[in-house]
Amino acid sequence: SYRAVSRRLACGDVEGRLEAIFGRVRAIQAKSGRFDMLLCVGNFFGSTSEAEWAEYRTGAKKAPIPTYVLGANNPDTLSYFPDVSGCELAENITYLGRRGVYSGCSGLQIAYLSGTEAQQQPEPTHCFSAKDVTELKTSLLAAPNFRGVDILLTSPWPRDVGTFANSAGEIDTKKCGSKLVADLAASLKPRYHFAALEKAYYERLPYRNHMVLQETPQHVTRFIALADVGNTSKKKYLYAFSIVPMSSIDPAELVKQPQDVTENPYRKLRKEAPKSKAPLSAEEEPACQFFFDLNKHQGKKRPSDGKERGDSQPKQAKKPPQPTGPCWFCLASPEVEKHLVVSIGTHCYLALAKGGLSPDHVLILPIGHYQSVVDLSSEVLEEVTKYKAALKEFFRSKGKRYVLFERNYRSQHLQLQVIPVPLDLCTSEDIKEAFITQAQEQQIELLEIPEHSDLAQVAQPGMPYFYVELDTGEKLFHRIRGRFPLQFGRCVLASEALLAQPQRADWRQCAAQRPEEAAQARAFRQDFEPFDFSLRD
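Residues numbered from 1 in each chain as written. Predicted model: local features only at pLDDT ≥ 70, side-chain atom pairs only at ≥ 80, totals over all residues. Heavy atoms only, no water.

**A look at the sheet that holds strand 5 (residues 93-95)**
Move 1: Overall, mixed pairing links the six strands, which are arranged 4-5-3-2-1-15 in an open sheet. With partners counted over all chains shown, the strands left at the sheet margins are strand 4 (87-90) and strand 15 (238-243), one partner each. Recorded for the sheet is a direction-independent mean angle of 25 degrees between the axes of neighbouring strands.
Move 2: Note: strand 3 (residues 67-69) against strand 5, three bridges, orientation parallel. Bridge pairing links Y68 to T94 in strand 5. (Pairing = 2+ DSSP bridges. Helix = DSSP H or I, 4+ residues; strand = E, 2+ residues; numbered from the N terminus. Axes fitted to C-alpha atoms, helices over the stretch in contact; angles between N-to-C directions.)

**Regarding the environment of Q487**
Move 1: Mapped onto the secondary structure, Q487 falls in the loop between strand 23 (475-479) and helix 9 (488-494).
Move 2: Residues Q487 and R407, 80 residues apart in the sequence, show an inter-C-alpha distance of 9.3 Å.
Move 3: With sequence-adjacent residues up to four places away left out, Q487 is seen in contact with A505, D506, W507 and R508. (Contact = heavy atoms within 4.5 Å.)

**Some details on empty space enclosed by the protein**
Move 1: In the structure shown here, the tally under the stated rule is two cavities of 30 Å³ or more.
Move 2: Approximately 40 Å³ is the volume attributed to the largest cavity.
Move 3: Forming the boundary of the largest cavity are R208, M211, V212, E263, R267, L447 and E448.
Move 4: Broken down by class, the residue content of the lining of the largest cavity amounts to three nonpolar, no polar and four charged. (1 Å grid on protein atoms, 1.4 Å probe; cavity = no way out; pocket = protein on both sides within 12 Å on 5 of 7 lines; lining within 4 Å. Points joined across faces, edges and corners; volume = space filled by probe spheres on them. Nonpolar A, V, L, I, M, F, W, Y, C, P; charged D, E, K, R; others polar.)

Written out as structure tokens, the structure is:
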């Protein structure tokens, strides 16, 4: 009878050092009890394996534990693998095969892919191609109610695995590893993913396999790269873990998110994947359980025009609430620094930011007193959208893209900060990554929300929040529950990852004299004029 909990060992490149690895396994089992199997990733054989291997191949020696290995990663060791589809190499040592899924009696599912990513066609025998990855994915994803595999074994690291994560030391995860392995991991959602080849140990923080607020919660993945056996630097090459098959775990238990969970490092790959809608399985619930339903107008979502309101009575425009004291941003207020105003619409106006990150850092502000985007009436919201479209077109004509953010926390009047970033400096993905990474460093949960959703679907009036929007329509949202760094948005944009002007993170250090501000406003007004709809409406 099989225990529900199985105890496994995983190891990095053995490189023919069979006595070293099996000696270590014997010592661990003597101290900690029996393990069910040893999973080997990376190079199992090395250039000097023959003498040691002969003793195991002939049966003179026997592995102390069922051992499962991946295939060759170079032409030199191909001869050790007589059958590409997998076979027993010696007693207790099994070559899994080129690619596939190994299912033990316990129900544990182990997906594996041998070799390294092919750099040429036709691919050499020790390499895998996009076709191999597609076929492995298809065989698993076709299963009804597929949720993921328990373990994924590959020799190369997945490209970009370090995105949003703890440092991988000397390994540059943007350049190292395989894009195809990253694609495989993104699709198969393993609970554990083991890799090697880089002679380094790296245990990445667990990452989530679902888009928060958009998809039903799923289990997390733990990626672990292991060093080479017996390395002189004493880097970890053997990893012990206990695992219960996914099929035997209560679904609520399976999807529990650890505190240190991060965003998925392969989000870009998931977005680039064909947007075919998979039917919801019986166990899944549609996204409407997450505060909003994109298919229905309900709750706080504002209709885009009167026709969708479901009543024939035109609604009276609501008067905005009045400020309780002097407000620096109500246009009618004597406190407003009017020399900074660059455009005035019917419901909103544009003003240069005081102490801006750049001379064209601009604010979109409602003329009346509204605290946040969530409080805006539909007329004001419509004009905010028009200003965003005009600014996008204006900045694109200058070779820039804008980043917009709002901090509805310790602020009285809505200010939408719009900061242009040169197109050749970074991509919109770089900007998102910078915000998410710096948020994680400060224990701020910044979540991506659907591009076409309304902020009022995730934030109630009066709820403090921080919100980022790119000119592609992509949005990030954080619900503020305690303290929040007031300059967070500026700090991210000013950081080395983006504008590389950390000295400008605090607006008070950047404020210019009034004549200089007035000159900048005049220059902006003149430049923006061809795009300013308020001059034509």
